[in-house]
Amino acid sequence: MNKELLRNLPKVDELLKEEVVEKQLNVAMRTLVIDTLRETIEYYRNLILKDKIDSISKEKVLETFLNLIKKNNAPKLKKLVNATGTVIHTNLGRSLLSDTAVEAVINVSKNYNNLEYNIETGKRGLRYSHIEDIITKITGAEAAMVVNNNAAAVMLVLNTLCNGMEAIVSRGQLVEIGGSFRVPEVMKFSNAKLVEVGTTNRTHVYDYENNINENTGVLLKVHTSNFKILGFTEEVSIEDLVKLGEKNNIPTYEDIGSGVLIDYCKYGFTYEPTVQESVKKGIDVVSFSGDKMLGGPQAGIIVGKKVFIDRMKKNQLTRALRIDKMTLAALEATLRLYLDEKEAIDKIPTVNMLLSPKDEIKKKAISLKRRLKNKVSDFNFDIEEDFSMVGGGSMPTERIETYVLKVKSKVYTPEEIECKLRMNEIPIITRVYNNEVIMDLRTIFKKDFDDIVKAFSSIK
Ligand SMILES: *Cc1c(COP(=O)(O)O)cnc(C)c1O
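Residues numbered from 1 in each chain as written. Predicted model: local features only at pLDDT ≥ 70, side-chain atom pairs only at ≥ 80, totals over all residues. Heavy atoms only, no water.

A.B. asks: In this structure, what is going on with the sheet that holds strand β12 (residues 285-289)? I would like to understand it.
C.D. replies: Strand pairs in the sheet, formed through backbone hydrogen bonds, run parallel or antiparallel to each other. Ordered in space as β5-β13-β12-β11-β10-β6-β9, the seven strands form an open sheet in which the pairing is mixed. Each end of this open sheet is capped by a strand with a single partner; those strands are β5 (143-147) and β9 (193-197). Averaged over neighbouring strand pairs, the angle between their axes works out to 25° when direction is ignored. Relative to strand β11 (residues 252-257), strand β10 (residues 216-222) runs parallel, the two sharing four bridges. For Leu 220, the partnering residue across the bridge sits in β11 and is Tyr 253. With respect to the sheet, helix α7 (residues 129-139) is in contact with β5, β12 and β13 (300-304), its orientation differing from that of β5 by roughly 120°. (Pairing = 2+ DSSP bridges. Helix = DSSP H or I, 4+ residues; strand = E, 2+ residues; numbered from the N terminus. Axes fitted to C-alpha atoms, helices over the stretch in contact; angles between N-to-C directions. Contact = heavy atoms within 4.5 Å.)

Structural data, given as C-alpha cells:
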C-alpha cells in the first residue's frame, strides 16, 4: 500500500475551490456536491488501499467527480427509449399519455381545483363526479367510479359484493396477471370465498348453477387476457352468466382486464371483448385498467348498475384505494378523445402505435437507418420485416407486422451492444433474438432518433 499516495489524496475543502466543482454548485445542491466529492475521494482511497493505482492526478479525480455528480444529480426514474416493439411494456411504464392528458395533469396539479368541491352548490363534492359522465357515455353503463388500478378495482368490487360470501368462478379463469396479482389471492384479501367450478379447459352453465346457494355473493368472470387455451374448451358466455344471475338474484361481475373501448377487429386484430359489449349484454359490474389498451394513466375503472356502484363508493376501502387528482385529470382527458374514434387513434400514443400502418413504420426505419449510417462506423443496420407485441398482458397471441433494424457489428457481440445501449445516459432498450440485436420502429418515435444516434456514437 502506498502511504504517500494516501496522504496526497485531495481533501473536500481543497476540491471545492476547483473551478469545475464550483460550477457544479450552480446545477446541483451543495450537500449533493459535497457527498459526491466524498464518494470520489473514497473511491480513490479504496483503489490505493487495494494497490490498484500507483499515481493520482487532480484531473483524474475531477473527471471521476464529474461522472459521479452527473449520475447523482439525475432523477432515478427517467425517460428511456423503448425499441422492443412491445407497445404496452409493463416494465417500461405501460401506456404513454397523450399531449392533452399531460396538459390536463399540469393544469390541475399546479393550481387549486374542484377535486372535491361542487362549484354550483359551493359545497363539498365527490372526486368521481368529474369523470362519471364521460365514462358512462362511452361505455353505455349506468354508473361508474375509479380507483388506483384494476387490481384495486377487483378488490373493491369483491369486497363490496361478496364480503364473507362465496364468489363462483371458473377454474380456467383463476389467472395470475404477473407481479403479485393472482385472482385467488386477491379474493382472500377482499374476504370473498372462492368457489372454483368446472375444469381447466371447460366450464358450463350448470357448473355455476349447481354451486349456487344462499351464501353466493357474486358470479365472477375473469377475462383470461394474458394467455389462450386452445382446443377442446368451453367458457360460459356473458349472456348465460347474466341470465343465471338474474334468475337467482345474484350480481354478475366481469374483470375484463385491458379496457378495450375500440373494436380492433376492424383494424385486422383478432377479436378482443370490448367494455361496451359486456355492458350491453347486461353484466352488473365490469372493471378494467386505465393504462393498458385504453392508453391512459394507471387507474382501475369500475362501471355497471348504479345500485352496486353506489355501494362501492360508500365502502371504507375506497378511501385507501382512491385515485389521485393527477390521474383523474389524465384519465378524463384520455377518455374525452374516445368520443371520436379517429381522435383516439390519432392522439392516444398506445392506440396510435398499435394501429400504426406498416408502411409508416418502414419509412421510419429507412430514415433512422440513414441517420445511423452517416454517423456510426462500427455497425451495420439491416431493415427487415418482423412482429411487434401488444404487451401488458393483452392479446398475447397477436403478432403485429412491423419493420425493425437489425444491428450487426464486427467489433461487438450482440450482448455487448444490448448492454451498452441499455447503459447509455438515455437508455435504449432493445431486444436480442437469435443472436441479433433488434430495434422495432413501432415503439420508436422520430423524437428518439437523436438519442439513438448519440448512443451508438458514444459506444466505445
Ligand atoms: C391487468 C389485469 C389486472 C390488473 O390490472 P392493473 O391495472 O395492472 O392493476 C387484473 N385483471 C386482469 C384480467 C388483468 O388483465
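Still more to cover.
A.B. asks: In this structure, what is going on with the sheet that holds strand β17 (residues 431-433)? I would like to understand it.
C.D. replies: A sheet is described by the order of its strands in space; here five strands give the open sequence β2-β14-β15-β18-β17, paired in mixed fashion. Two strands close off the open sheet at either side, each with one partner strand: β2 (86-88) and β17. Neighbour to neighbour, the strand axes of the sheet diverge by 40° on average, direction disregarded. As defined by bridge partners, β17 adjoins strand β18 (residues 436-440) across three bridges and the pair is classed as antiparallel. Across the sheet, Val 432 pairs through a bridge with Val 437, a residue of β18. Contacts from helix α18 (residues 358-375) reach β14 (379-391), β15 (400-409) and β18 within the one sheet, and its direction differs from that of β15 by about 15°. Helix α19 (residues 414-422) contacts β14, β15, β17 and β18 of the sheet and is inclined by roughly 40° relative to β18.

A.B. asks: What should I look at first to understand the packing of helix α4 (residues 30-49) against helix α5 (residues 58-72) in this one?
C.D. replies: In a pair of packed helices, the angle between the axes and the distance between the axes together describe the arrangement. At a minimum axis separation of 9 Å, α4 and α5 run at an interaxial angle of 130°. By the angle class used here, α4 and α5 are oblique. Between α4 and α5 lies a crossing of right-handed hand. Contacts from Leu 32, Val 33, Thr 36, Leu 37, Glu 39, Thr 40, Tyr 43 and Tyr 44 in α4 reach Lys 60, Val 61, Thr 64, Phe 65, Leu 68, Ile 69 and Asn 72 in α5. Counted by class, the contact of α4 with α5 contains nine nonpolar, four polar and two charged residues. (Parallel < 35°, antiparallel > 145°, perpendicular 65-115°, else oblique. Left-handed = near helix turned anticlockwise from the far one by under 90°. Nonpolar A, V, L, I, M, F, W, Y, C, P; charged D, E, K, R; others polar.)

A.B. asks: Honestly, the packing of aromatic side chains in this entry has me stumped. Any pointers?
C.D. replies: Given two aromatic rings, their pairing is described by the distance between the two centres and the angle made by the two planes. Summed over the entire model, instances satisfying the criterion amount to six aromatic pairs. Measuring from centroid to centroid gives 5.7 Å for Phe 379 and Tyr 412, while their planes differ by 15°, and the two rings are stacked. A residue pair is termed long-range when its members are at least 10 positions apart, and Phe 379 in strand β14 and Tyr 412 in the loop between β15 and α19 qualify at 33 residues. Classification of Phe 379 by relative accessible area gives buried; the value is 7%. We classify Tyr 412 as buried; its relative accessible area is 13%. An angle of 75° between the planes, with centres 5.0 Å apart, marks the rings of Phe 379 and Phe 456 as edge-to-face. Of the two residues, Phe 379 is situated in strand β14 and Phe 456 in helix α20 (residues 449-457); the sequence distance between them amounts to 77 residues. No difference in accessibility class separates Phe 379 from Phe 456, as the two residues are buried. (Phe/Tyr/Trp six-rings, centres within 6.5 Å; stacked < 30°, edge-to-face > 60°. Buried < 20%, exposed > 50% of the residue type's maximum accessible area, 1.4 Å probe, protein only.)

A.B. asks: Quick question: what am I supposed to make of the pairing of β18 here?
C.D. replies: Burial runs high along β18: five of the five residues are buried. Of the two faces of β18, the one holding Glu 436, Ile 438 and Asp 440 and the one holding Val 437 and Met 439 are both buried throughout. Pairing geometry for β15 and β18, over four bridges, is antiparallel. For Val 407, the partnering residue across the bridge sits in β18 and is Val 437.

A.B. asks: Before we go on, may I ask you to explain the nonpolar core in this structure?
C.D. replies: Side chains of a nonpolar character, in soluble globular proteins, are inclined to be buried together. Within the largest apolar cluster, 74 residues are counted, with the highest numbers of intra-cluster contacts made by Tyr 264, Ile 302, Val 303, Leu 335 and Tyr 338. The element that contributes the greatest number of residues to this core is helix α8 (residues 150-162), accounting for eight residues. Of the domains in this structure, domain 2 (81-91 + 353-457) and domain 3 (99-344) are the two that each give at least three residues to this core. Leaving out residues up to four positions away in the same chain, Tyr 264 has contacts with Phe 269, Met 293, Val 351, Leu 354, Leu 355 and Met 395. Judged by nonpolar contacts, the second largest core, of 26 residues, contains Phe 381, Leu 421, Val 437 and Val 453. (Core = buried A, V, L, I, M, F, W, Y, C linked by side-chain atoms within 4.5 Å. Domains from an automatic or database assignment.)

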